[in-house]
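# Secondary and tertiary structure notes
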Amino acid sequence: MEVTGKCYCGALEYKVSGEPLFRGQCHCRECQYMTGGHPLSVMGMPSSNFEYTKGKAASFTRSDIPNPVTRDFCSNCGTHTLTNLPAMAAVLLKVGTMDDPSLYGKPDMAIFTCDAQEFHIIPEGIPAFEKMPPTG
Ligand SMILES: [Zn+2]
Ligand SMILES: [Zn+2]
C-alpha cells in the first residue's frame, strides 16, 4: 500500500509505502490535546519507507513525562502529521492527514483506555487495553 498525505495548509506532504503495522485508536490524555478531545486515530507504517516530499516538519518532544514520543507538525498551520516511534521502527500517521483516510478502515485496538472520557466510543469487538497491549 502507498499512503500519501499532507497538512491542512499543504506546506507539508508525505508518502510512505508498505503494509500497515497496526491501526489504533489512542485514548491517552496527551492525544486528546492533538484531536481536540476525542481519541486519536493512527496508522502505524514502517518508518524506513517514510519521507516528506514537500516542506520540513517541526517536531516536539515533552521533557516532563516518562518515555515521551516525538510528534511532527506543520509550523505554518499547526497540523500534527505523525508520531515517531523508533522503538518499533514505525511512524504513526494521523489518519486525518492521509489523502484517503478510508485506508484506515477500522482500528485493530483501542489503547490507553485508562484516560478514556465518557464521550469516547470504542467500536464493538476490538481489544481495548488500559495502557499498551502486553508484549510477547
Ligand atoms: Zn500546514
Ligand atoms: Zn495517545
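Up top is the structure.
The present account deals with the structure reproduced in this document. The structure presented is a predicted model; accordingly, all values stated were derived computationally and were not measured.

Here is what the cut-offs are and how they apply
Residues numbered from 1 in each chain as written. Chains lettered and ligands numbered in written order. Predicted model: local features only at pLDDT ≥ 70, side-chain atom pairs only at ≥ 80, totals over all residues. Heavy atoms only, no water. Helix = DSSP H or I, 4+ residues; strand = E, 2+ residues; numbered from the N terminus. Rg over C-alpha atoms; globule rule 2.2 N^0.38 Å. Buried < 20%, exposed > 50% of the residue type's maximum accessible area, 1.4 Å probe, protein only. Areas by Shrake-Rupley, 256 points an atom, 1.4 Å probe, with all protein chains shown as cover. Lys, Arg positive; Asp, Glu negative; His and termini not counted. Charge placed at Lys NZ, Arg CZ, Asp CG, Glu CD. Donors = N, O, S within 2.8 Å, 3.2 Å for Na, K, Ca; no water. Tetrahedral: all angles 85-135°; square planar, octahedral: opposite > 155°, others 65-115°. Pairing = 2+ DSSP bridges. Axes fitted to C-alpha atoms, helices over the stretch in contact; angles between N-to-C directions.

Turning next to the overall build of the chain. When its secondary structure is counted, the chain shows one helix and 10 strands. When the elements of the chain are put in sequence order from the N terminus, they spell out β-β-β-α-β-β-β-β-β-β-β. Relative to the compact-globule value of 14 Å for 136 residues, the chain shows a C-alpha radius of gyration of 14 Å, a close match. In the chain, which comprises 136 residues, the share counted as buried stands at 38%. Carbon together with sulfur atoms contributes 53% to the accessible area of the chain, which is approximately 7,800 Å² in total. Taking the average place of the 11 positive charges on the side chains of the chain and the average place of its 14 negative ones, the gap between the two points comes to 5 Å.

Distances from the zinc ion (ligand 2) to its protein donors, C26 (SG), C28 (SG) and C31 (SG), fall within 2.1 to 2.3 Å. Binding-site remark: the zinc ion (ligand 2) is held by donors from one chain whose sequence spacing is C-x1-C-x2-C.

Let's shift gears to the coordination of the zinc ion (ligand 1). Distances from the zinc ion (ligand 1) to its protein donors, namely C7 (SG), C9 (SG), C74 (SG) and C77 (SG), fall within the range 2.3 to 2.4 Å. Relative to the metal, the four donor atoms surrounding the zinc ion (ligand 1) lie at angles of 107 to 114 degrees, and the coordination shape comes out tetrahedral. Read in sequence order, the donor residues coordinating the zinc ion (ligand 1) give the pattern C-x1-C-x64-C-x2-C. Given a relative accessible area of 29%, C77 falls into the partly exposed group.

What follows is about the sheet that holds strand β1 (residues 2-6). One open sheet accounts for three strands, arranged β1-β2-β5; its pairing is antiparallel. Looking at which strands have only one partner, the edges of the open sheet turn out to be β1 and β5 (50-54). The mean inter-strand angle of the sheet, taken between neighbouring strand axes irrespective of direction, is 25 degrees. In the sheet, strand β2 (residues 13-17) pairs with β5 via four bridges, with the strands oriented antiparallel. Paired with K15 across the strands is E51, a residue of β5.

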